[in-house]
Amino acid sequence: MQLKVSSLAERPEMLGQVVRMANSWPEFLVHDPVGDTHYGRIATELPEFVLFAEDEGGQVVAHGYSVPFALADEDRGELPARGWDEVLGWAFADRRRGTPPDTVSAISIVVAPHAQGSGLSARMLSAMRQNARAHGFREVVAPVRPSAKHLEPRTPMEEYAFRERADGLPHDPWLRVHVRAGGVIEAVAPASMTVAASLEEWRGWTGLPFDTEGLVEVPGALVPVHCEPRRGYAVYVEPNVWVRHTL
């Protein structure tokens, strides 16, 4: 597949195609309130950090969102335990205050369902690194959602993230792409995303009964969802894995 990679700053007329591109995210994942608040702003407010790939027919088949933020700002310095949620909040708080950024964080790399399995995720990660370097940054960090962790929802992320194959590369395919690109696995972000909702909402998103107290395994979830039938709600707290890319 011959691809052309551009940014929305270069091709603003592609905004509609980029934001409407099909994805394969689990439905519950798009109900993280921090993501609801900030994710959609990236394409319109930070178009230079939104990359997309077009195929030969001009169809958008992948996109990558990232955000600049000030990791070295006062009271920060370390990658946050609240991972994806925290770095999104930091990025837009810094933008509001006019704080100069020093680091770029990956937010998402999404490949259209029909184009998956063709190496596009690695191509978009490479483009994201190049884009950050072109804007004068020396580091990209990523709160990675390991792509095969959902197959082992009860395995602690602290164990899964650092599991290696015989060749020394990570066991997880998406973590492996990051390491091959030059990334270094640093730490687990234990509360990277949080989705708290009523049982009715969870039933609608998953088709599961959510009528038993305790841990419920949900397709696509990296860890079980904690269900409280007597109180009428369930909570999902997703761990991610921080990876650093020095440019």
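Coordinates for the structure precede this section.
Below you will find a few notes about this structure. Computed from a predicted model, the values in this text were never measured in an experiment.

**Notes on the overall build of the protein**
Okay, so step 1: Secondary structure assignment for the protein yields seven helices and nine strands.
Okay, so step 2: Taking 247 residues into account, the globule formula puts the C-alpha radius of gyration at 18 Å, and the protein, at 18 Å, falls close to it.
Okay, so step 3: Dimensions along the principal axes, computed over C-alpha positions, put the protein at roughly 50 × 45 × 45 Å.
Okay, so step 4: Put simply, 72% of the contacts in the protein that link residues at least 6 apart link residues at least 24 apart.
Okay, so step 5: Element-wise, carbon and sulfur atoms account for 50% of the exposed surface of the protein, whose accessible area totals about 11500 Å².
Okay, so step 6: Within the protein, the 33 negative side-chain charges are centred at a point lying 3 Å from the centre of the 24 positive side-chain charges.

**Observations concerning helix α6 (residues 173-180)**
Okay, so step 1: Regarding α6, the residues found buried are Trp-174, Leu-175, Arg-176, Val-177 and His-178.
Okay, so step 2: For α6, the elements touching its buried residues are β4 (103-111), α4 (120-134), β5 (139-144), β6 (184-198) and β9 (233-246).
Okay, so step 3: The backbone nitrogen of Trp-174 has a side-chain oxygen 3.0 Å away, supplied by the residue at the start of α6, namely Asp-172.
Okay, so step 4: Directly beyond the C-terminal end of α6, a positive phi value near 115° is found at Gly-182.

**Here we look at the packing of helix α2 (residues 33-45) against helix α3 (residues 83-97)**
When two helices pack together, their arrangement is captured by the angle between the axes and the distance separating the axes.
Okay, so step 1: Where α2 meets α3, the axes come as close as 10 Å, and the angle between the chain directions of the two elements is 50°. Between α2 and α3, the angle is such that the two are oblique. Considering how the two elements wind past one another, α2 and α3 form a crossing that is left-handed. Where α2 approaches α3, its residues Val-34, Gly-35, His-38, Tyr-39, Arg-41, Ile-42 and Glu-45 are matched on the opposing element by Trp-84, Asp-85, Leu-88, Gly-89, Phe-92 and Arg-95.

**Details of the nonpolar core**
Okay, so step 1: Grouped together as the largest cluster of nonpolar side chains are 78 residues, with contacts concentrated most on Ile-42, Ile-107, Trp-202, Phe-210 and Tyr-236.
Okay, so step 2: Once residues within four sequence positions are removed from consideration, Ile-107 is found in contact with Tyr-39, Ile-42, Tyr-65, Ser-66, Val-67, Trp-84, Val-87 and Leu-88.

Definitions and cut-offs
Residues numbered from 1 in each chain as written. Predicted model: local features only at pLDDT ≥ 70, side-chain atom pairs only at ≥ 80, totals over all residues. Heavy atoms only, no water. Helix = DSSP H or I, 4+ residues; strand = E, 2+ residues; numbered from the N terminus. Rg over C-alpha atoms; globule rule 2.2 N^0.38 Å. Contact = heavy atoms within 4.5 Å. Areas by Shrake-Rupley, 256 points an atom, 1.4 Å probe, with all protein chains shown as cover. Lys, Arg positive; Asp, Glu negative; His and termini not counted. Charge placed at Lys NZ, Arg CZ, Asp CG, Glu CD. Buried < 20%, exposed > 50% of the residue type's maximum accessible area, 1.4 Å probe, protein only. Polar contact = N/O pair within 3.5 Å; in protein donor to acceptor, adjacent residues only side chain to side chain. Axes fitted to C-alpha atoms, helices over the stretch in contact; angles between N-to-C directions. Parallel < 35°, antiparallel > 145°, perpendicular 65-115°, else oblique. Left-handed = near helix turned anticlockwise from the far one by under 90°. Core = buried A, V, L, I, M, F, W, Y, C linked by side-chain atoms within 4.5 Å.

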